[in-house]
Amino acid sequence: MSDVEDFDVVVIGAGPAGLCSAKGLAKSGFRVAVVERQPQTALAEPAFDGREIALTHRSLQILRGLGVWPRIAAGDISPIKRADVSTGTSPKRLRFDHRDTPCAALGYLVPNHAIRRAAYEAAVEDPAISLFAGQDVASVRTDHDSVTVRSGGGRAWRAPLLVAADSRFSDTRRGVGIAADMVDFGKCMLVCRMQHDHAHDETARECFFEHCTVASLPLNGNESSLVVTVTAAEARRLQEMEAADFSADIEAKFQARLGSMRLSSTRHVYPLVATFARRFVGPRFALVGDAAVGMHPVTAHGFNLGLRSQDTLAESLRRAAARGGDIGAADGLLRYESRHRRHARPLYLATNAIVRLYTDPRPLAALVRRAALEVADRFAPFKHVALAALTEANRLGN
Ligand SMILES: Cc1cc2nc3c(=O)[nH]c(=O)nc-3n(C[C@H](O)[C@H](O)[C@H](O)COP(=O)(O)OP(=O)(O)OC[C@H]3O[C@@H](n4cnc5c(N)ncnc54)[C@H](O)[C@@H]3O)c2cc1C
């Protein structure tokens, strides 16, 4: 069929994971088509969406390798040097400090829209990547030796392998018949930026109350990203409040730890639903990013896992190609599946368990979480493991 364009890989979704995946595949020598429903302008100049992404050291290394990191402005990068977790009004705390690691910071915060813009710029400047924006996928057909993707607008792309990076609610995943486990936490997360009088000391603070969780993530200067987890109705109420009332409400929730606070950005609300695909691969098909594993944001692993997924997939495909093999064949894909599942599954289960324990309103649960914080703070082996997961500094070069 003459209207079909041929590539080595077609990626559906130009979110941060899809664009980084395209870069990783292009770097591995493949010609990549990226098909995205959003218009080009939304990709080139993505709007602020309230998310500040905490990146591990391993993620920084991956982003550098993809040529994405150098495109992020220094002013958009804020170090997290310490983390402080508390529960209710209890004085007990679980503390993490970068000085207990070999690193200058536990991790780095970068706004999601800055990552998306940098990944877009890196992708469009790569001659091995063709980006087709404003194209909604209408059908996917898998044959013996190729996959053909068609858009509603009548365009078509064909390759030996299809990679879906089309969000945690991936239509492509469902279209090829892969089920996903979903956990609806029945809560929403409201995120925004706030300025405050007291210095945050480059410390991320997370406090679990019975009916809400409040966290602050340190940005450059006397500004923090505020993350409030509440019911959908309360999130709507907070979002619609006058700015001054909202600021006073958050200051009170935060027990004035950061002094007087003022809203300094738009407010954004995200429903909290975690997803884990039952399989990450199928015939001539692989899932990356949130389409494979959509995490609850509390442990800040989501995009870090997305970066890891594309890295592991690209490496598996490089091996298959080096052996002269078909990159859409099962062996390379199954290697990716087993490696990424082994890495992601424990993080996914541990994150969901933490959320359940720290949002359970029963009095016994309150006792358990207070005790858990105290024990965890004093138990050096636990802190060692938790710090390793937070920073991923021990995985550099893996
Ligand atoms: C409040 C919040 C805080 C977070 N904090 C962190 C953090 O600190 N650290 C961290 O690592 N992660 C964090 N995350 C997670 C992180 O934001 C996500 O993991 C990441 O954005 C997912 O990227 P993605 O490319 O997989 O999916 P998405 O960003 O959802 O992109 C999917 C893309 O696919 C496109 N698409 C969908 N369907 C189609 C179709 N049919 N045809 C064509 N295109 C399609 C969409 O338009 C979109 O561009 C946070 C998330 C939230 C909500």
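Everything below is about the structure printed above this text.
This section reports on the structure supplied with the text. (Residues numbered from 1 in each chain as written. Predicted model: local features only at pLDDT ≥ 70, side-chain atom pairs only at ≥ 80, totals over all residues. Heavy atoms only, no water.)

For the protein, the helix and strand inventory stands at 11 helices and 22 strands. C-alpha extents for the protein along the principal axes are approximately 65 × 45 × 40 Å. The burial tally for the protein puts 56% of its 398 residues in the buried class. Expressed as a percentage of contacts within the protein between residues at least 6 apart in sequence, the contacts between residues at least 24 apart total 74%. As displayed, the protein has an accessible area near 16900 Å², and 54% of this comes from carbon and sulfur atoms. Between the centroid of the 51 positive side chains of the protein and the centroid of its 44 negative side chains there is a distance of 5 Å. (Helix = DSSP H or I, 4+ residues; strand = E, 2+ residues; numbered from the N terminus. Buried < 20%, exposed > 50% of the residue type's maximum accessible area, 1.4 Å probe, protein only. Contact = heavy atoms within 4.5 Å. Areas by Shrake-Rupley, 256 points an atom, 1.4 Å probe, with all protein chains shown as cover. Lys, Arg positive; Asp, Glu negative; His and termini not counted. Charge placed at Lys NZ, Arg CZ, Asp CG, Glu CD.)

Next up on the list: the state of the cysteines. With the rule as written, the count across this model stands at zero disulfides. With no disulfide of its own, Cys212 has Cys207 as its nearest cysteine by sulfur position, at a separation of 8.3 Å. The exposure class of Cys212 is buried, given its relative accessible area of 12%. (Disulfide = S-S within 2.5 Å.)

Across all of its chains, the model carries 31 salt bridges by this definition. In this structure, the salt-bridge partner of Arg51 is Asp49, at a minimum N-O distance of 3.9 Å. Taken together, the shared-partner salt bridges in this structure form one network comprising Arg82, Asp97, Arg99 and Asp201. (Salt bridge = Lys/Arg side-chain N within 4 Å of Asp/Glu carboxyl O.)

Spatial ordering of the open sheet is given by S9-S3-S2-S13-S21-S20, a layout of six strands whose pairing is mixed. Both edges of this open sheet fall to strand S9 (129-132) and strand S20 (281-282), since each of them pairs with a single strand only. Set on the sheet, helix H1 (residues 16-27) makes contact with strand S2 (9-12), strand S3 (32-35), S9 and strand S13 (161-164); between it and S3 the angle comes to about 175°. (Pairing = 2+ DSSP bridges. Axes fitted to C-alpha atoms, helices over the stretch in contact; angles between N-to-C directions.)

With that settled, consider the pairing of S3. Taking every second residue as pointing to the same face, both faces of S3 are buried, with Val32 and Val34 on one and Ala33 and Val35 on the other. Pairing of S2 with S3, which is carried by four bridges, proceeds in the parallel orientation. What sits directly across from Val11, in S3, is Val34. Chirality of the crossover, the property in question, places the unit of S2, H1 and S3 among those that are right-handed. Relative to S9, S3 runs parallel, the two sharing four bridges. Within S9, the position partnered with Val35 by the bridge is Phe132. (Right-handed = clockwise from strand over helix to strand, strands pointing away.)

Let us now look at the site of the ligand. Around the ligand, the surrounding shell holds 31 residues, and the nearest of these are Glu36, Arg51, Ala54, Asp290 and Phe303. Between the ligand and the protein, one listed contact pairs an oxygen atom with a backbone N or O atom of Pro16 at 3.3 Å. For the ligand, an oxygen atom lies 2.6 Å from a polar atom in the side chain of Glu36. In isolation the ligand exposes 1000 Å². Once the protein is present, 90% of that is buried. Of all the secondary structure elements, the ones that give two or more residues to the shell around the ligand are H1, strand S4 (52-55) and helix H8 (302-322). Its residues assigned to classes, the shell around the ligand comprises 14 nonpolar, 10 polar and seven charged. (Near = heavy atom within 4 Å. Polar contact = N/O pair within 3.5 Å; in protein donor to acceptor, adjacent residues only side chain to side chain. Nonpolar A, V, L, I, M, F, W, Y, C, P; charged D, E, K, R; others polar.)

Taken as a whole, this structure holds five aromatic pairs when the rule is applied. On the numbers, 6.1 Å between centres and 75° between planes, the contact of Phe7 with Phe132 is edge-to-face. With Phe7 in the loop between strand S1 (4-6) and S2 and Phe132 in strand S9, this pair connects stretches of sequence that are 125 residues apart. Residue class for Phe132 comes out buried when judged on its relative accessible area of 10%. Aromatic side chains Phe276 and Tyr348 sit 4.8 Å apart centroid to centroid with 50° between the ring planes, which places their arrangement in the tilted category. With Phe276 in strand S19 (residues 268-277) and Tyr348 in helix H9 (residues 330-359), this pair connects stretches of sequence that are 72 residues apart. We classify Phe276 as buried; its relative accessible area is 1%. A relative accessible area of 3% means that Tyr348 is categorised as buried. Through pairs of rings, three or more aromatic residues link up here, namely Phe276, Phe280, Tyr336 and Tyr348. Between Arg345 and the ring centre of Phe276, over which it is positioned, the NZ or CZ distance is 4.5 Å. (Phe/Tyr/Trp six-rings, centres within 6.5 Å; stacked < 30°, edge-to-face > 60°. Lys NZ or Arg CZ within 6 Å of the ring centre and 35° of its normal.)

Turning next to the packing of H1 against H8. Interhelical geometry of H1 versus H8 gives an angle of 25° and a closest axis separation of 9 Å. Here H1 is positioned roughly parallel relative to H8, judged by the angle of their axes. Note that H1 runs across H8; the crossing there is right-handed. Residues Pro16, Ala17, Cys20, Ser21, Gly24 and Leu25 of H1 touch H8, and the partners they reach there are Phe303, Leu307, Gln310, Ala314 and Leu317. The class makeup of the residues in the contact of H1 with H8 is eight nonpolar, three polar and no charged. (Parallel < 35°, antiparallel > 145°, perpendicular 65-115°, else oblique. Left-handed = near helix turned anticlockwise from the far one by under 90°.)

Of all hydrophobic cores here, the largest spans 102 residues; its most connected members are Leu55 and Val293. Once residues lying within four places of it in the same chain are set aside, the contact partners of Leu55 are Leu60, Leu63, Trp69, Gly107, Tyr108, Val110, Ile115, Phe303 and Asn304. In this structure, Cys192, Cys207, Phe254 and Met261 belong to the second largest nonpolar core, which totals 19 residues. (Core = buried A, V, L, I, M, F, W, Y, C linked by side-chain atoms within 4.5 Å.)

Below, the discussion takes up the pairing of strand S16 (residues 213-218). In terms of burial, S16 is a largely internal element, six of the six residues being buried. Burial along S16 is two-sided: the residues Thr213, Ala215 and Leu217 and Val214, Ser216 and Pro218 are all buried. Sheet topology places strand S15 (residues 203-208) next to S16; four bridges connect them, and they run antiparallel. Note on S16: the bridge partner recorded for Cys207 is Val214. Linkage of S15 to S16, two consecutive antiparallel strands, is achieved through a turn of four residues. Of the pairings in the sheet, the one linking S16 to strand S17 (residues 223-230) comprises six bridges and is antiparallel in character. Note on S17: the bridge partner recorded for Ala215 is Val227.

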